[in-house]
Structure formats: structure tokens, C-alpha cells
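Now for the letters of each chain:
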There are 2 protein chains.
Amino acid sequence: MLYLVGLGLSDETDITVRGLEVVKKASRVYLEAYTSILLVDQSVLEAYYGRSIVVADREMVESNSDEILRDAQTEDVAFLVVGDPFGATTHTDLVLRARELSIPIQTIPNASIMSAIGGCGLQLYNFGQTVSMVFFLDNWRPASFYDRIKENRAIGLHTLVLLDIKVKEQSLENMARGRRIYEPPRYMTVGQCAQQMLEVEEDKKEGIYGPDSLAIGAARVGGKTEKFVAGTLKQLCDADDLLGPPLHSLVLLGSRAHELERDYARDFAIDKDTWDKAWSEQYGKQ
Amino acid sequence: MLYLVGLGLSDETDITVRGLEVVKKASRVYLEAYTSILLVDQSVLEAYYGRSIVVADREMVESNSDEILRDAQTEDVAFLVVGDPFGATTHTDLVLRARELSIPIQTIPNASIMSAIGGCGLQLYNFGQTVSMVFFLDNWRPASFYDRIKENRAIGLHTLVLLDIKVKEQSLENMARGRRIYEPPRYMTVGQCAQQMLEVEEDKKEGIYGPDSLAIGAARVGGKTEKFVAGTLKQLCDADDLLGPPLHSLVLLGSRAHELERDYARDFAIDKDTWDKAWSEQYGKQ
């Protein structure tokens, strides 16, 4: 059996009881560690599970899945995924390959940022499609998120923006020389995301959102140190200190927002007067 | 402290380790039991937790929240919610009231249908807003879901449809006579949902979807007996036997669907030829 086990969002105790039972008895345990991270180290997980874990990077999952799936027709293999196995990313290829090999599959779901973000006070029913934001480079500024946000905003919906993480990156020089030396991991902050969003609006000038649009920055959602900061995109460009360490996410408000959402999220506002003013001008109209 | 504890989707072992620790040590434990249900009885939960639970119905949560929150400034109160505390429904009022009473709040997230539905093979990034479907009555056929689906379909997105459950309902006669006698719980099936969707399209005739539109029926998502059945809405009207017992949900496909989604979900098709034909005519165009 291939078990896809969600680990939840924060630390080693966020696994479900059922998931923990599977991890303890599986023949081999892999940890997918390139689309998200827990807030604790691998060693903490290993101590907690009482066993060793193989960290599966993107290359392993995408190019060497048969090693992960080896003998899973008769043995139990646990493939651990931060959040929910079908949360922000799916492992469709791995499951399709397991099916080809006649390996039975069972999923053990867990919390995902896509539902836990509801802790910011916005109703999940009022969210449109989720988008991703990557680190811009000088000559590479992918802005497909902008058209998606435009679609959501056109019908008054909120947008969850998931922020880039970079793990196991090589510098160009190390890559050219074939040196397996990796840069420290990087996690996009709400400030960087808000800044990139405003830059793209500045380029495109379609008026989909602007410096005065309301948004909520979220940090370490689902964890004991979860933190939300609400304000305008302009304010959120400088709110990283308030939010603290990674992981960060951002929600851009849609105009269909309800008064209860306003009241709930207002508690997180950097400046309640700015929040109230922006709200009364732009939101709750539908 | 008020703890909002997600229980996950299926049985007593779907609680997280952190959640279980909270339940075991809290002064009082409430179970919200009117927006969703687990697949196990309260007695199973009580035996597993080693303590008694107060079932909180809608009336208690909405009208008597101060009893739930009593002394939570100094004691720990656990409020258990099936799925994720911020999943399909929120408990905004309870949290706002707790804030008024200066009660600290902590959320322990868990799996939600809104991410676990990804197990059907459709990418969560391609979902628009989630809608709800209620049991129609002869003279009450609320169809606001139709306009929401229209918005999602206009931009090619999938729609998750959450299905009505009725617990602790009184017959009109018992209500009139003030008798606290309740009808057996009712859970909408995929077949009933698909039928009601087609009836509303028949009324409105906007061509938002039709009998040949593809959808996926889902049963007991996240549980050991999870089951997906894919087909046209017409086929799904008669697929309840294949799906088995509650809870059910339905996903209506959007045209932006990707080939990988087709391949993954095709495995669940009632009839693969019908699936392929409908797909090639209507999907994967964007």
C-alpha cells in the first residue's frame, strides 16, 4: 500500500492519530520537502516517529518514483506531505505510476492552508481560485496570477495567494561546475508578495487592485504562533516584522465581503481607521 | 482558552495528536453536530477520548454560547468541529463573543472537504467558489448555487457542491405541539444533488450545464472507504448505489480542466467511453 499522509501545517504533533500509526508501521517513510515545509526540522520528526525518514526532493519524486514505490504491492510505504496530500500541490504523477504498478493507494488527509486560511476571518465560500506567487527575477516576472485575480475580483471573490519557497537551490556557478552545494532556503514574505503585486499592477494598469486594496497577511497558519495582519497592500509591504518568521501567505479581499468578515478581520488591522475607511469605500457592496 | 479543534472527516483516529491532547485535558468538551458529521457515533468518540462530550446543536451555539464559553478565561474549553474549524462553515459568532469576553482562542486545524476533495484527481487550483445545495421542497427551491456555478463555469473552473444534511429536524406536527421528537437524520446524496441541478437548469435554461456535463460524485472523502464515481450529471443521478453511504459531495467540472485531471479521474468513470466522449467535446479547451 502507498499511503499519502498529510502532516498538517505546523509541527510534529499536527499529524493525525491514524497518520502516525501508518508512519510507525510502514516499511519505508519518505518526506516530500520541496513544495512546503513544517516549522520543525527533520530530526524532530524522526525522533517523534522513532524512525528515520528519507527526504524526497523534486528530482526523486519526478524522476525516480519507482524507488519510492518499490515493493509497495506487498509492503507499506508512507509518503509524507506537509499540509494535505492534495492541498496546494498534488502528486498526481506518483499516484498514476502507482496505479500502473497495481499498488493500492490510501490517502490520509490533514489540514491545508486552503482551509486553515479561514482563520483570518474571511469565509471560505467567498474565495475564488487560489494563485501562486513566485520570486521575480530581473528578466523573469511571471504574472499569470494577475489574470486569475482579475477573474476573482470581477465576481467579488477573495484570492488566496500562496508564496514561493526555494529549497535546495544551486547558484549558477555551482550548477555550471556540477557542485552539489545548495543555497540556504528562501521563503517569500507577505511584504515581498505585496510589493510584486503592486509592481505588476503598475505595469498592467488595469486597476484590478491597488495600494489601497485591503488584504490580510498570514504567518505560520495553523501553528501555535499563527499571526494575521490586515491592512492595505501598501501597508503590508512593510508588515513583515509584525508577521514574523515563515511561512507566509496573503489574501486579497474581494468586494463581496460580508460585514461579519469585516468585524472579524478588523481585529488584525495594522490601523483600524485605515481599515474602516478602505472598507467603506471599496467593500461590502454586493 | 477556547480551543476550536478540527476532527477531520471520517473517524475517531482522524483527530491530530495535538488536538487529542487538548481534548484529554480540557475542562469541558463540546461537539458541534449540525453542519457535518463523522462516520462514527458520539459514544465511539467518548470511549476514544476517555471522557464525556456535550453535543452542541445549532440552538446552543447560536443562542447559548455564553454557556459554552463559561470560565474559558481561566479554564480550557474544547469545541470540536467535524472537518476543519474553518472549513465549510465558520463559527465566527462564537469567536467574536469569546473575544468580547477576553477569552484567548486557539485553532487546531484538520482536514476539510475543501482540500480532501482533491483526491478525486482535480487540481485544487482549478476550483472556483464552493457552493451548497439544500433539499428542495415543493414550494422552496433555492437556486443561488446556479449563479455561483455560472460564475465559475464562465472562467472554466470546477465547482465543489456541498450537500445538505438535516439533523434534529422536527415534523411540522411535532413542532406545532412542542414535542421534542426528532426525525431521523437525512443526508443528501449525489443522485439527489445531480437531479436538483438538472431541474434548475431545466427551469432557467441558461445552458450553464446539462445532462452531459461531467461531474464527480464523492462519498466518505478522507475515510478508509472513500469512493469517487465520475460521469455525466445524467449518469450520476443513478449512481448512489455505487457511491454507498453518506456523506456525499459533488464536483462539477470546469472547461479549464487539464489532461492529467482527465487521466486521473477517468479511473473513476462509470463508463470510460462516455467519459472520453464528453471530455473531448467539452473540456480541456482552455
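The following refers to the structure shown.

Reading guide: rules and limits
- Residues numbered from 1 in each chain as written.
- Chains lettered and ligands numbered in written order.
- Predicted model: local features only at pLDDT ≥ 70, side-chain atom pairs only at ≥ 80, totals over all residues.
- Heavy atoms only, no water.
- Axes fitted to C-alpha atoms, helices over the stretch in contact; angles between N-to-C directions.
- Helix = DSSP H or I, 4+ residues; strand = E, 2+ residues; numbered from the N terminus.
- Parallel < 35°, antiparallel > 145°, perpendicular 65-115°, else oblique.
- Left-handed = near helix turned anticlockwise from the far one by under 90°.
- Contact = heavy atoms within 4.5 Å.
- Nonpolar A, V, L, I, M, F, W, Y, C, P; charged D, E, K, R; others polar.
- Buried area = accessible area lost by both parts, 1.4 Å probe.
- Salt bridge = Lys/Arg side-chain N within 4 Å of Asp/Glu carboxyl O.
- Buried < 20%, exposed > 50% of the residue type's maximum accessible area, 1.4 Å probe, protein only.
- Pairing = 2+ DSSP bridges.
- Arc of directions from axis to C-beta.
- Polar contact = N/O pair within 3.5 Å; in protein donor to acceptor, adjacent residues only side chain to side chain.
- 1 Å grid on protein atoms, 1.4 Å probe; cavity = no way out; pocket = protein on both sides within 12 Å on 5 of 7 lines; lining within 4 Å.
- Points joined across faces, edges and corners; volume = space filled by probe spheres on them.
- Phe/Tyr/Trp six-rings, centres within 6.5 Å; stacked < 30°, edge-to-face > 60°.

1. Here we look at the packing of helix H12 (residues 259–266) of chain A against helix H5 (residues 92–100) of chain B
Alright, step 1. Where H12 of chain A contacts H5 of chain B, the two axes come as close as 11 Å, and the packing angle between them is 40°. It follows that H12 of chain A is oblique to H5 of chain B by the angle criterion. Every pair of crossing elements has a handedness; the one defined by H12 of chain A and H5 of chain B is left-handed. Along its contact with H12 of chain A, which presents Leu-260, Asp-263 and Tyr-264 of chain A, the element H5 of chain B presents Thr-92, Asp-93, Val-95, Leu-96 and Arg-99 of chain B.
Alright, step 2. When its residues are assigned to classes, the contact of H12 of chain A with H5 of chain B shows four nonpolar, one polar and three charged.

2. Describing the interface of chain A and chain B
Alright, step 1. Residue-level contacts link 53 residues of chain A with 52 residues of chain B.
Alright, step 2. Of the roughly 4,500 Å² buried where chain A meets chain B, counting both sides, 55% is carbon and sulfur surface.
Alright, step 3. For the chain A face of the interface with chain B, the top three residues by lost area are Arg-18, Tyr-125 and Tyr-264 of chain A, together amounting to 16%.
Alright, step 4. In this assembly, chain A and chain B are joined by six salt bridges.
Alright, step 5. Linking Asp-267 of chain A and Arg-99 of chain B is a salt bridge whose minimum nitrogen-to-oxygen distance equals 3.3 Å.
Alright, step 6. Elements represented by at least two residues in the side of chain A that touches chain B include exactly helix H1 (17–25), helix H5 (92–100), strand E5 (105–108), helix H6 (113–116), strand E6 (131–133), helix H7 (144–154) and H12 of chain A.
Alright, step 7. Examining the composition of the side of chain A that touches chain B, we find that five residues originate from one element, H5 of chain A, more than from any other.
Alright, step 8. When the residues that make up the side of chain A that touches chain B are grouped by side-chain class, the tally is 23 nonpolar, 19 polar and eleven charged.

3. Quick word on the pattern of salt bridges
Alright, step 1. Under the counting rule described, the total for this entry stands at 40 salt bridges over all chains.
Alright, step 2. Put simply, Arg-141 of chain A and Glu-199 of chain A hold a salt bridge, and the shortest N to O gap is 3.0 Å. In this pair, Arg-141 of chain A sits in the loop between E6 and H7 while Glu-199 of chain A sits in helix H9 (residues 190–204), placing the two residues 58 residues apart along the sequence.
Alright, step 3. Arg-28 of chain B serves as the salt-bridge partner of Glu-75 of chain B, at 3.7 Å between the closest nitrogen and oxygen. Separated by 47 residues along the polypeptide, Glu-75 of chain B in the loop between helix H4 (65–68) and strand E4 (77–81) and Arg-28 of chain B in strand E2 (residues 28–32) bring together distant segments of the chain.
Alright, step 4. Accessibility expressed as a relative area gives 29% for Glu-75 of chain B, which makes it partly exposed.
Alright, step 5. What emerges from the salt-bridge pattern is a single network uniting Asp-66, Arg-97 and Glu-100 of chain A.

4. What about the sheet that holds strand E10 (residues 214–219) of chain B?
Residue and element names in this part refer to chain B.
Alright, step 1. Taken in spatial order, the five strands of this open sheet run E6-E7-E12-E10-E11, and their pairing is mixed. Looking at the sheet topology across the chains shown, the edges are occupied by strand E6 (131–133) and strand E11 (227–232). The average undirected angle you get between the axes of adjacent strands in this sheet is 25°.
Alright, step 2. Sheet topology places strand E7 (residues 159–163) next to strand E12 (residues 248–252); four bridges connect them, and they run antiparallel. The residue bridging Thr-159 from the neighbouring strand is Leu-252, located in E12.
Alright, step 3. Helix-sheet contacts for helix H7 (residues 144–154) involve E6, E7 and E12, and the interaxial angle to E6 is about 145°.

5. Section: helix H13 (residues 272–282) of chain B
Count 3.6 residues to each turn of an α-helix, and residues three or four apart come out pointing the same way.
Residues and elements named next belong to chain B.
Alright, step 1. When H13 is considered as a whole, its buried residues turn out to be Trp-275, Ala-278 and Trp-279. Around the axis of H13, the buried residues are gathered within 100° of arc, so they sit on the same side. The exposed residues of H13 that point more than 90 degrees off its buried face are Asp-273 and Lys-277.
Alright, step 2. Considering only its buried residues, H13 is in contact with E10, E11 and helix H12 (259–266).
Alright, step 3. Residue Asp-271 occupies the N-cap position of H13, its side-chain oxygen lying 3.2 Å from the main-chain nitrogen of Asp-273.
Alright, step 4. Following H13 by one or two positions, Gly-284 adopts a phi angle in the positive range, close to 70°.

6. As for empty space enclosed by the protein
Alright, step 1. Under the definition given, this model contains four cavities of 30 Å³ or more.
Alright, step 2. Considering the residues around the largest cavity, the lining is formed by 14 residues, among which Met-114 and Thr-130 of chain A together with Met-114, Gly-128 and Thr-130 of chain B are closest to the centre.

7. Side note on the packing of aromatic side chains
Alright, step 1. Taken as a whole and judged by the stated rule, the model has twelve aromatic pairs over all chains.
Alright, step 2. With centroids separated by 6.3 Å and ring planes inclined at 55°, the aromatic side chains of Tyr-264 of chain A and Phe-268 of chain A adopt a geometry described as tilted. You'll find Tyr-264 of chain A and Phe-268 of chain A in the same group, each marked buried.
Alright, step 3. A centroid spacing of 5.2 Å and a plane angle of 50° characterise the contact between Phe-228 of chain B and Phe-268 of chain B, whose relative ring orientation is tilted.

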